[in-house]
Amino acid sequence: MLNQELLKINNLSTSFQIDEEYYAAVDDVSLTVRENEVLAIVGESGSGKSATAFSIMGLHNRGKIEGEILLQGQDLAKLSTSEMNKIRGKDMSMIFQDPLTALNPLMEIGVQIGEVLLLHNKNMSKTERRNYAIELLGRVGIPRPERTIDQFPHELSGGMRQRVIIAIAIANQPKLLIADEPTTALDVTIQAQILDLMQELKDDLNSGVILITHDLGVVAEMADRVAVMYAGQIVEESDVESIFVNPQHPYTRSLLSSIPATDYAQDRLHVIQGIVPSLKHLPRTGCRFKERIPWIDDDAHEDHPVLHEVSEDHFVRCTCYQHFYFPDENKEDQANGVTEG
Amino acid sequence: MALLKVDDLKIHFPIHGGILNRKIDEVKAVDGVSFEVREGETYGLVGESGSGKTTTGKAVMGLNNITDGDIYFEDSHLNAKKGKKIDVRNDIQMIFQDPYSSLNPRKRVIDIVAEPIRNYEKLSKDDEKKRVQELLERVGISSDSIMKYPHEFSGGQRQRIGVARAIALNPKLIIADEPVSALDVSVQAQVLNFLQDIQKEMDLTLFFIAHDLGVIKHMCDRIGIMYQGRLVEEGLTEEIFNNPQHIYTKRLVAAIPDVDPRNREKHREFRSQIKEEYQQSFYDYFNEEGLAFNLKQITDTHKVALPERG
Ligand SMILES: Nc1ncnc2c1ncn2[C@@H]1O[C@H](COP(=O)(O)OP(=O)(O)OP(=O)(O)O)[C@@H](O)[C@H]1O
Ligand SMILES: Nc1ncnc2c1ncn2[C@@H]1O[C@H](COP(=O)(O)OP(=O)(O)OP(=O)(O)O)[C@@H](O)[C@H]1O
Ligand code: SF4
Ligand SMILES: [Mg+2]
Ligand SMILES: [Mg+2]
């Protein structure tokens, strides 16, 4: 049985202006997040992951947004700023990629958490806020929360700051939590602790989570569904197991074979040739990934690659997966996936 | 043969305070660390944030005041108190943590890469340019990019420029401090492959600092695990990953995400089991102050910090 739909994005495009023209950084993206579900968005730097998140949060003041963003049926794209302010930080909140810009350097940690609490619970007393802030800091693994609460951001290490940001994001027990690279700056042990915490929070509150990351290990541990983005588009989407065990799109497969040390046998990591084109120079017709797999016969590419459902609930853009191979593997013997054992 | 030998290294930073700004306390960033890096190998140093990895690397580079202990490179005593200071800076080079901030944004590539050369050799403008172009080609950057600025390159390319500068003086040892932590997986793969190539080509020894155990496992022959300024375990990569002995190492290894989602539940259970064991047996592995004991040899290659048992 599928859970209730929490967030439904239909044909979202987010464009930015560069020299008079608008260019789509998010190009016709549709996604669904259900209650008690973690949807991971993965993809190379610049593929539009953060831009998607910012669009949902209504934080792109200079971008042009088209399409529908339905949170529990309500279209966020149509709300006024003040209506959005009521939802942000309460029904949905976001953990930002850059921890330095997310905290106010001039304010004690406790005061910052207190403000967020006050925003949505007007009748909490000062003592209640303080106690709850201490509890929150303890939950995100801050060792001495009663001390940290009176400290300023610059007195904390990067990892501690990130945990404070997570505490703020979960303070009002949001229905939808968007986490943009939440653990990239953290050590593995703390990362594991944060991931467990997000899992717990999701189970307790029945929340939906969008987890943006380039760490495929984190995806494997956390996600229920995975959307792989390349150059502003979703190129593959399915349940987490299919992505890892039976990946189809050439980009997904390339990404999986570039992870270091899943076993020692694999000596050379796969390197995806070339770079992600800049927004302005993105090919807008035909295949966007083709330049990065130049050994594939030109005839193999489709002119208008669209998402196909290749098996139940497993979507892949285009048909090139049928004849894709890595340069160092035999054309006939197309080994599928990285996790055979 | 040991190329680098670090013996009972201590680096304590004073904390000043009060009205007279006297020393009121100290941070024992590195507190009795000993290890060797052998010629041609890749030695990895792992540990949580703040455990003293960068401080150790910088000490080898001569960038920190050493409180106590000794560092030897080949046959030279790097921190000898008497006699003249031995300059090995052209033999040891460091690649820094963040490719986005470690290159001066206002300098052109030619000036960035030529900087170490200018400190050591007097070359004519033309010879210098030739040298820089060769170095760039060696790291896979087109040699006509010498007049560009760092922001015109991707993260992976910037890290390569950092490497070009580091190899400019033909060093024997490169200290790579989190060289790929700030990079995307696919760019990360590119830089890791490239470091392995250049190591082979130039007979380099690598001292690799990271907190990502996946990267460490992929790159290193031997690994030292650091916790609060001390080593808790050292061994061959297989020993550390397949047969960890110290509870902190076990916890680190258990925390690595498993890339097969089918093992998820099992892995999560294992992780919480280890966490419990860690909490229960903490004082079997650490002294009353929470510090690691001295390393004991348990096989020819494997050392663990365990208490003296009577
Ligand atoms: N405010 C903006 N104005 C103009 N271009 C933008 C803006 N925000 C993002 N872009 C561009 O949109 C594209 C997608 O950027 P985005 O930040 O979403 O990438 P990302 O997938 O989050 O990457 P990363 O993994 O590096 O965080 C990039 O080409 C970026 O340069
Ligand atoms: N110049 C300094 N003055 C005072 N304290 C310092 C100085 N440099 C480092 N420290 C302290 O020494 C300890 C070790 O720091 P170090 O940078 O070596 O950690 P690290 O293991 O490299 O961590 P990370 O993974 O976060 O880079 C930390 O507590 C740090 O705050
Ligand atoms: S043919 Fe399709 S799958 Fe293949 S590279 Fe082009 S768009 Fe991608
Ligand atoms: Mg981003
Ligand atoms: Mg460091």
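Cut-offs and rules
- Residues numbered from 1 in each chain as written.
- Chains lettered and ligands numbered in written order.
- Predicted model: local features only at pLDDT ≥ 70, side-chain atom pairs only at ≥ 80, totals over all residues.
- Heavy atoms only, no water.
- Helix = DSSP H or I, 4+ residues; strand = E, 2+ residues; numbered from the N terminus.
- Rg over C-alpha atoms; globule rule 2.2 N^0.38 Å.
- Buried < 20%, exposed > 50% of the residue type's maximum accessible area, 1.4 Å probe, protein only.
- Contact = heavy atoms within 4.5 Å.
- Areas by Shrake-Rupley, 256 points an atom, 1.4 Å probe, with all protein chains shown as cover.
- Axes fitted to C-alpha atoms, helices over the stretch in contact; angles between N-to-C directions.
- Parallel < 35°, antiparallel > 145°, perpendicular 65-115°, else oblique.
- Left-handed = near helix turned anticlockwise from the far one by under 90°.
- Nonpolar A, V, L, I, M, F, W, Y, C, P; charged D, E, K, R; others polar.
- Pairing = 2+ DSSP bridges.
- Near = heavy atom within 4 Å.
- Polar contact = N/O pair within 3.5 Å; in protein donor to acceptor, adjacent residues only side chain to side chain.
- Buried area = accessible area lost by both parts, 1.4 Å probe.
- Salt bridge = Lys/Arg side-chain N within 4 Å of Asp/Glu carboxyl O.
- Domains from an automatic or database assignment.
- Core = buried A, V, L, I, M, F, W, Y, C linked by side-chain atoms within 4.5 Å.

1. Notes on the overall build of chain A
In terms of regular secondary structure, chain A is built from 11 helices and 12 strands. A compact globule built from 341 residues should have a C-alpha radius of gyration of about 20 Å, and chain A, at 21 Å, falls within 12% of that. C-alpha extents for chain A along the principal axes are approximately 70 × 50 × 45 Å. Burial status across chain A gives 56% buried among its 341 residues. Within chain A, counting contacts between residues at least 6 apart in sequence, those at least 24 apart form 65% of the total. When the accessible surface of chain A is summed, it comes to about 15,200 Å², and 47% of that surface belongs to carbon and sulfur atoms.

2. Quick look at the overall build of chain B
Each helix and strand in chain B was counted, giving 10 helices and 12 strands. The C-alpha radius of gyration of chain B comes to 21 Å, within 12% of the 19 Å expected for a compact globule of 310 residues. By sequence separation, contacts in chain B at least 24 residues apart represent 65% of the contacts at least 6 residues apart.

3. Concerning the packing of helix α8 (residues 247-255) of chain B against helix α9 (residues 264-280) of chain B
Residues and elements named next belong to chain B. Closest axis-to-axis distance for the α8/α9 pair is 9 Å, and the angle between their directions is 160°. In terms of orientation, α8 lies roughly antiparallel with respect to α9. Between α8 and α9 lies a crossing whose hand is left-handed. In this structure, α8 contributes I247, Y248, K250, R251, A254 and A255 to the contact, and α9 contributes H267, F270, R271, I274, K275, E277 and Y278. Of the residues that constitute the contact of α8 with α9, the class distribution is seven nonpolar, one polar and five charged.

4. Considering the sheet that holds strand β9 (residues 222-227) of chain B
Residues and elements named next belong to chain B. Strand order in the open sheet formed by eight strands is β6-β7-β8-β3-β9-β10-β12-β11, and the pairing between neighbours is mixed. The open sheet is flanked by β6 (92-95) and β11 (295-297), the only strands paired with a single partner. Neighbour to neighbour, the strand axes of the sheet diverge by 20° on average, direction disregarded. Pairing analysis gives five bridges linking strand β3 (residues 42-47) to β9, with the strands arranged parallel. Each bridged residue has a counterpart across the sheet, and for G47 the counterpart in β9 is M226. Sitting on the sheet, α8 touches β3, β9 and β10 (230-236), and the angle it makes with β9 is about 105°.

5. Quick look at the site of ligand 1
Residues and elements named next belong to chain A. Residues in close proximity to ligand 1 include F16, A25, E44, S45, G46, S47, G48, K49, S50, A51, Q97 and L279, which together make up its full environment. In the environment of ligand 1, an oxygen atom lies 2.7 Å from a nitrogen or oxygen atom belonging to the side chain of S50. At 2.8 Å, a backbone N or O of A51 approaches an oxygen atom of ligand 1. In the complex, the protein chains occlude 65% of the 650 Å² of accessible area that ligand 1 would expose alone. Among the elements that take part in the shell around ligand 1, helix α1 (residues 49-57) stands out by supplying three residues, more than any other. Along the lines of polarity and charge, the residues of the shell around ligand 1 split into four nonpolar, six polar and two charged.

6. Section: the site of ligand 3
As a structural note, the neighbourhood of ligand 3 is formed by H249, P250, C287, I293, A300, H301, E302, P305, R317, C318 and C320 of chain A. Residues of the shell around ligand 3, tallied by class, amount to seven nonpolar, two polar and two charged.

7. Describing the interface of chain B and chain A
On the chain A side, the residues contacting the 38 residues of chain B number 42 residues. Carbon and sulfur atoms supply 56% of the area that chain B and chain A bury against each other, a total of about 3,500 Å² over both sides. When the buried area of chain B at its contact with chain A is split by residue, V185, V259 and R264 of chain B rank highest and sum to 18% of it. In this structure, the connection of chain B to chain A is made through two salt bridges. In this structure, D196 of chain A engages R271 of chain B in a salt bridge whose closest nitrogen and oxygen atoms are separated by 2.6 Å. Taken together, chain B and chain A are joined by 10 residue pairs in polar contact (both at pLDDT 80 or more). If you tally residues by element for the side of chain B that touches chain A, the top one is helix α5 (residues 185-202) of chain B, at nine residues. Classifying every residue of the side of chain B that touches chain A by side-chain character gives 13 nonpolar, 13 polar and 12 charged.

8. Some remarks on the domain arrangement of chain A
Domain boundaries in chain A define domain 1 (102-173) and domain 2 (253-336). Using only C-alpha atoms to locate each centre, domain 1 of chain A and domain 2 of chain A end up separated by 43 Å.

9. Observations regarding the nonpolar core
Grouped together as the largest cluster of nonpolar side chains are 64 residues, with contacts concentrated most on I167, F208 and F286 of chain B. At eight residues, α5 of chain B tops the list of elements feeding residues into this core. Not counting chain neighbours up to four residues away, the residues in contact with I167 of chain B comprise L135, R138, V139, I174, I198, M202 and L204 of chain B. V140, A179, L201 and V218 of chain A belong to the second largest nonpolar core, which has 38 residues in total.

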